[in-house]
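Listed below are the residues making up each chain.
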There are 2 protein chains.
Amino acid sequence: MLTRKQYDLLLLIDKRLKSDGVPPSFDEMKDALGLKSKSGIHRLITSLEERRFIRRLPHKARAIEVVRLPENTPEEEKELLRNNGTRFRMNSSASIIADNNTEIPLYGKIAAGTPIEALRDENEFVSVPQNMLGMGEHYALKVEGDSMIEAGILNGDTVVIQRSNSSENGAIVVALVDGYEVTLKRIYCRQGKVALEPANKNYETKVLAPERVAVQGRLVGLLRNY
Amino acid sequence: MLTRKQYDLLLLIDKRLKSDGVPPSFDEMKDALGLKSKSGIHRLITSLEERRFIRRLPHKARAIEVVRLPENTPEEEKELLRNNGTRFRMNSSASIIADNNTEIPLYGKIAAGTPIEALRDENEFVSVPQNMLGMGEHYALKVEGDSMIEAGILNGDTVVIQRSNSSENGAIVVALVDGYEVTLKRIYCRQGKVALEPANKNYETKVLAPERVAVQGRLVGLLRNY
DNA sequence: GTCATATTGTTTTCTGGTAAGCATATTTTC
DNA sequence: GAAAATATGCTTACCAGAAAACAATATGAC
């Protein structure tokens, strides 16, 4: 996940945050890593941000925050981290990864009849209360259209999806039909067929052969802003 | 996240709050940081407010509150903070967990026709994505009943309310009627009367004299778990 | 009205972050 | 093993923001 330099820099920032409370400036990082210019640091920082190990405010001095540390931190280092903050361990070290990972990627929009727009590389994220997340991988989609309006899912809502290939009967899922059309629908299995049922009288339930339908995830949460 | 000055000032305010119960004035802060003018303090305070470390009331003397402390306060200082006072610990540790999720109090349930159950002292909290919150104070309510179902607000949903006494026409608000009945409704002002309109054909719009209705807050967000 | 507190403005200085260009390792891929 | 992609190193230059100082108002408290 990280290169040596990126990793070293991340640990440095984390260390400094814990010892001083203030993150190092680019110049200080430059010195600490033994570089002669800041631009290298700039690129490392950019990578770390892209990979969501740190978060920052653009154009602000020392506006860096460590979001998480890499999982594979060597044992000795982990030991160190652990001893650094026994009581407040929740915010230090890798435990963050497990329970506090509250940002999930926003993959795009979903609407009846149109495929998801591929936004994945744009690196957009949505923050979600962690109690909304269960096990496994989650992502978010923006709902477009009114096909699920009777289930209280409105145009513009953000839905939280747990990645999964299976589904219980009657669950609301993200389903891929014929490999290109993605919809958010209630799913039922009836006599060897799969029914995708919208929650809007103006739309029709589609009954399809199981081969044509691939479940991509299960609806686990919904967020709406007014 | 913070520069040295910002960080020092934040700790100073926190310390004074805990030892005296009263935040320092601008002048006192100026002296404590060894500045020769208050304007610097003003700017530091502004940055701290921007970054949501403190909250303040405009035009009020010493109206500063510490919302949270930086994630990576050095251990010794944290130790101090822990021993000094529990006052703000809930808040700070809560937001430490996940910077992007703030915890707001869950005051109880709200339903057409029945008052909010007072849960306030039970100290229940709900975590919400920070981008759902605007300025001011927020709280959460659990929706009971189906009176707003056509607005996509279902039984069991959690609504996020921004405390406020006023409202725009057509907004969904928490309204207190005759001092005892609390409902979540769309509000309209018509010819000197106030209309509280449910989003369900089976319920009726109430038209009341303005004196009988007190707006308690404005709907700003909604959370649902499946 | 007076005093203490807050807000706003301007200027200057300096630190810190951004950016582009080019060179050099290092890793990946075929 | 060579080509390609990625990561890193270094330089220079530029610009934005942080900070300090001083001044002038505005506002709330009493």
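Residues numbered from 1 in each chain as written. Chains lettered and ligands numbered in written order. Predicted model: local features only at pLDDT ≥ 70, side-chain atom pairs only at ≥ 80, totals over all residues. Heavy atoms only, no water.

When helices and strands are counted, chain A shows five helices and eleven strands. In chain A, buried positions account for 49% of the 226 residues. Here the contacts in chain A between residues at least 6 apart in sequence split such that 56% fall between residues at least 24 apart. (Helix = DSSP H or I, 4+ residues; strand = E, 2+ residues; numbered from the N terminus. Buried < 20%, exposed > 50% of the residue type's maximum accessible area, 1.4 Å probe, protein only. Contact = heavy atoms within 4.5 Å.)

Residue and element names in this part refer to chain B. Taken N-terminus to C-terminus, the directions of helix α1 (residues 4-20) and helix α2 (residues 26-33) make an angle of 120 degrees; their axes are 11 Å apart at the nearest point. With respect to their mutual orientation, α1 and α2 come out oblique. Crossing angle aside, the handedness with which α1 passes α2 is right-handed. Of the residues in α2, those in contact with Lys 5, Asp 8, Leu 9, Leu 12, Ile 13 and Arg 16 of α1 are Glu 28, Met 29, Ala 32 and Leu 33. (Axes fitted to C-alpha atoms, helices over the stretch in contact; angles between N-to-C directions. Parallel < 35°, antiparallel > 145°, perpendicular 65-115°, else oblique. Left-handed = near helix turned anticlockwise from the far one by under 90°.)

Turning our attention to the environment of Asp31(A). Counting through the fold element by element, Asp31(A) comes out in helix α2 (residues 26-32). Only 3.4 Å separates the side chain of Asp31(A) from the side chain of Lys30(A), close enough to count as a polar contact. (Polar contact = N/O pair within 3.5 Å; in protein donor to acceptor, adjacent residues only side chain to side chain.)

Scanning the entire structure with this criterion turns up 23 salt bridges over all chains. Lys30(B) serves as the salt-bridge partner of Asp27(B), at 3.1 Å between the closest nitrogen and oxygen. Separated by three residues within a single helix, Asp27(B) and Lys30(B) lie in helix α2, roughly one turn from each other. Residue classification places Asp27(B) among the partly exposed residues on the basis of a relative accessible area of 34%. Judged by relative accessible area, which is 16%, Lys30(B) ranks as buried. Notably, a salt bridge pairs Glu28(B) with Arg62(B), separated by 3.3 Å at the nearest N-O pair. Here Arg62(B) lies in the loop between β1 (54-56) and β2 (64-66) and Glu28(B) lies in helix α2, a separation of 34 residues in the sequence. Each member of the salt-bridge network shares a partner with another, and the members are Arg16(A), Asp20(A), Glu28(A) and Arg62(A). (Salt bridge = Lys/Arg side-chain N within 4 Å of Asp/Glu carboxyl O.)

Residue and element names in this part refer to chain B. The element strand β7 (residues 172-177) is largely enclosed, with a buried count of six among its six residues. Note that β7 and strand β8 (residues 181-190) share six bridges and pair antiparallel. Bridging across to β8, Ile 172 finds its partner in Arg 186. Count of turn residues in the β7/β8 antiparallel hairpin: three residues, of which Asp 178 carries a positive phi of about 55 degrees. Here β7 runs beside strand β11 (residues 213-225); their pairing, made up of five bridges, is antiparallel. Looking at the pairing, Val 173 lines up with Arg 218 of β11. (Pairing = 2+ DSSP bridges.)

Close contacts around DNA strand C come from 20 residues, with Phe26(A), Lys38(A), Arg62(A), Ala61(B) and Arg62(B) the closest. Counting only atoms of DNA strand C within 4 Å of the protein, the fraction found in sugar and phosphate groups is 63%. Side-chain polar atom of His42(A) to a phosphate oxygen of DNA strand C: 3.1 Å apart, as the coordinates give it. Secondary structure elements with two or more residues in the surface near DNA strand C: α3 (38-50) of chain A together with α3 (39-50) of chain B. Per-class residue counts for the surface near DNA strand C are four nonpolar, seven polar and nine charged. (Near = heavy atom within 4 Å. Nonpolar A, V, L, I, M, F, W, Y, C, P; charged D, E, K, R; others polar.)

Turning our attention to the pairing of strand β6 (residues 158-163) of chain A. A regular strand places its side chains so that they alternate between the two faces of the sheet. Residues and elements named next belong to chain A. A large share of β6 lies buried, amounting to five of its six residues. One ladder, built from five bridges, connects strand β5 (residues 138-144) with β6; its direction is antiparallel. Its bridge partner being in β6, Tyr 139 is matched across the sheet by Ile 161. Relative to strand β11 (residues 213-225), β6 runs antiparallel, the two being bridged by six bridges. Residue Val 160 lies in a different strand from β11, and its bridge partner there is Gly 221.

A separate point is the protein's contact with DNA strand D. Taken together, the neighbourhood of DNA strand D is formed by 22 residues, with Thr3(A), Ser37(A), Ser39(A), Arg43(A) and Lys36(B) sitting nearest. Each atom of DNA strand D within 4 Å of the protein belongs either to a base or to sugar and phosphate, the latter forming 60%. Between DNA strand D and Ser39(A) there is a distance of 2.5 Å, counted from a base nitrogen to a side-chain nitrogen or oxygen. Among the elements of the structure, α1 (4-20) and α3 of chain A together with α1 and α3 of chain B are those that each provide at least two residues to the surface near DNA strand D. At three residues, the largest contribution of residues to the surface near DNA strand D is made by α3(A). Classifying every residue of the surface near DNA strand D gives four nonpolar, ten polar and eight charged.

Our next topic: the environment of Glu181(B). Residue and element names in this part refer to chain B. When you line up the elements, Glu 181 lands in strand β8. Using a relative accessible area of 11% as the deciding quantity, one classes Glu 181 as buried. In the structure, Glu 181 is positioned 71 residues away from Ile 110 in sequence and 9.6 Å away in space, judged by C-alpha atoms.

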